[in-house]
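Each chain, letter by letter, is given below.
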Amino acid sequence: MEPAETAPTSQVPGLEREPAELRARRLAAARQRATALLAGVTAVFVAVTVAGAHGTFPGYVQAGAEAAMIGGVADWFAVTALFRRPLGLPIPHTALLVERKDQFAATLGQFVQENFLNADVLAERARSAGLASSLAAWLGDETNAASFAGHAADLAVTVAEALRDEDVQRVLTAEITRAVNAVDLAPVAGRTLRVIIAGGHHAELFTAIVSAADRYLADHHDELRERFESEAPRWVPDLAYRRIFDRLHSRLHHRLTAMAADPDDEARLQFDAWIAGLPDRLETSPQLRERGERFKRDVLGSAGMREWTSSLWTHAKETLQTQAADPESELRHRLADALAAAGRRLGSDRRLQDSLQRVVESGARALADQFHDELAGLVTGTIQRWDAAEASSQLELLLGRDLQYIRINGTVVGAGVGLTLHAIALALA
């Protein structure tokens, strides 16, 4: 990175981005003015000295011109020594920006760390910025909320696409396995069944089981009869076996119908008694608990479980991509509505604003405490990577015009000091 790209910013009063050519022209003009002033006072000094400084006024002119010349030359040397060696002479402590670039980088990095990345400074900046109220006003605008929702949806899609399907499937399977392993299946089933019984839903369960069995008999009548006849001895006529099957089938159908319709049926009462004691057995029986755990392990280790988690992630990713790509999708509408509602809530709830402000300030302090060395190192390392001569040249283009006024001021101030000292010398004489 070049220094010229980082120095100017339109946010600093009086400092605007300018083309390098324009800066070079303005620097040359300022340098010419300072040099012309120095040449002028030098010419005055030479003229007065050659003519002879006889009298009070010529003496003042000579003294003022001499001091102005000294001040101008001294400031020319000082300004030039920042960027290069004056007259190309190897004078110590000159070309400072070239020779001491790395030390300058370290000093600047330390300065930034102590004065800009300080926890108190960042916290105060976050407090004075009023981020909570600004965020509330911004999110409260439905247009902003919709725009933010779109960006958030796109970001979610980008993250989802960056993830490997195998990794996500592995994580999903591991998390589901961990969650299910943390639960004892038999006791949970017992507590669930107790709730079902308390609500009287076990009666509906018995009716559903009996009705399902009756429907199975009706739907598979011919299949069952063929299997029944296939088991008959060869010496028994087929017609006799068919009549026997039809009679058994009819009686079983009537029995199942009666069981489903009669609340006092003996089989129903036996089922009620059996299921009433099942929750206690599920919660206390080691055998039932072991069966439940074995069943759980079989399900979790099955290929069907892996296929289910894979399809779950694939479906979720495809749905997210479709919803994020459609500006009118339910996902983006719901997210935008939620963000707008959050903005309105934040704008109306002072306590919530204060809480968010404290979070922001704590985050700023944590950022400063955790990363101030790294951020300061970024400043230092960036400057150290600059080419020294190029950095000096670019900084001279940026600052040299103002530094030329130091030469002009030095010439003018030198003249004033010379006149003052001459007046004091005359008074003392």
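Our structure is the block above this text.
These notes cover the structure that comes with them. Quantities reported herein were computed from a predicted structural model and do not represent experimental measurements.

Conventions and cut-offs
- Residues numbered from 1 in each chain as written.
- Predicted model: local features only at pLDDT ≥ 70, side-chain atom pairs only at ≥ 80, totals over all residues.
- Heavy atoms only, no water.
- Helix = DSSP H or I, 4+ residues; strand = E, 2+ residues; numbered from the N terminus.
- Rg over C-alpha atoms; globule rule 2.2 N^0.38 Å.
- Buried < 20%, exposed > 50% of the residue type's maximum accessible area, 1.4 Å probe, protein only.
- Areas by Shrake-Rupley, 256 points an atom, 1.4 Å probe, with all protein chains shown as cover.
- Contact = heavy atoms within 4.5 Å.
- Core = buried A, V, L, I, M, F, W, Y, C linked by side-chain atoms within 4.5 Å.
- Axes fitted to C-alpha atoms, helices over the stretch in contact; angles between N-to-C directions.
- Parallel < 35°, antiparallel > 145°, perpendicular 65-115°, else oblique.
- Nonpolar A, V, L, I, M, F, W, Y, C, P; charged D, E, K, R; others polar.
- Phe/Tyr/Trp six-rings, centres within 6.5 Å; stacked < 30°, edge-to-face > 60°.

For the protein chain, the helix and strand inventory stands at 19 helices and zero strands. Its C-alpha atoms give the protein chain a radius of gyration of 46 Å, clearly above 22 Å, the size a compact globule of 429 residues would have. Taking the principal axes of the C-alpha coordinates as reference, the protein chain spans close to 160 × 50 × 45 Å. Residue burial in the protein chain is summarised as follows: out of 429 residues, 28% are buried. As displayed, the protein chain has an accessible area near 27,500 Å², and 60% of this comes from carbon and sulfur atoms.

On to the side chain of Asp75. Residue position: Asp75 is located in helix H3 (residues 56-83). Ignoring any residue separated from it by four or fewer positions in sequence, one finds Asp75 in contact with Ile406, Arg407 and Gly410.

Looking now at the nonpolar core. Membership of the largest hydrophobic core is limited to 11 residues, which are Leu193, Phe206, Val210, Leu217, Leu256, Met259, Ala267, Phe271, Ile275, Leu278 and Leu282. Sorting the residues of this core by element identifies helix H11 (201-219), helix H13 (238-261) and helix H14 (266-284) as the ones contributing at least two each. Top contributing element to this core by residue count: H14, with five residues. Once you skip the residues sitting within four places of it in the chain, Leu217 turns out to touch Leu224, His249, Leu252 and Leu256.

With respect to the element layout, Gln353 can be found in helix H18 (residues 350-385). For Gln353, the contacting residues outside a window of four places in its chain are Ala132, Ser133, Leu346 and Gly347.

As a further point, take the packing of helix H16 (residues 303-325) against helix H17 (residues 330-348). At a closest axis distance of 7 Å, the pairing of H16 and H17 adopts a crossing angle of 70°. As the angle between them shows, H16 and H17 are arranged roughly perpendicular. Along the contact surface, H16 presents Leu320, Gln323 and Ala324, while H17 presents Glu330, Leu331 and Arg332. Residue composition of the contact of H16 with H17, grouped by class: three nonpolar, one polar and two charged.

Take the packing of aromatic side chains next. A complete count under the given rule lists three aromatic pairs for this structure. Each residue in the set Phe206, Phe271 and Trp274 is aromatic and connected to the rest through ring pairs, giving one cluster.

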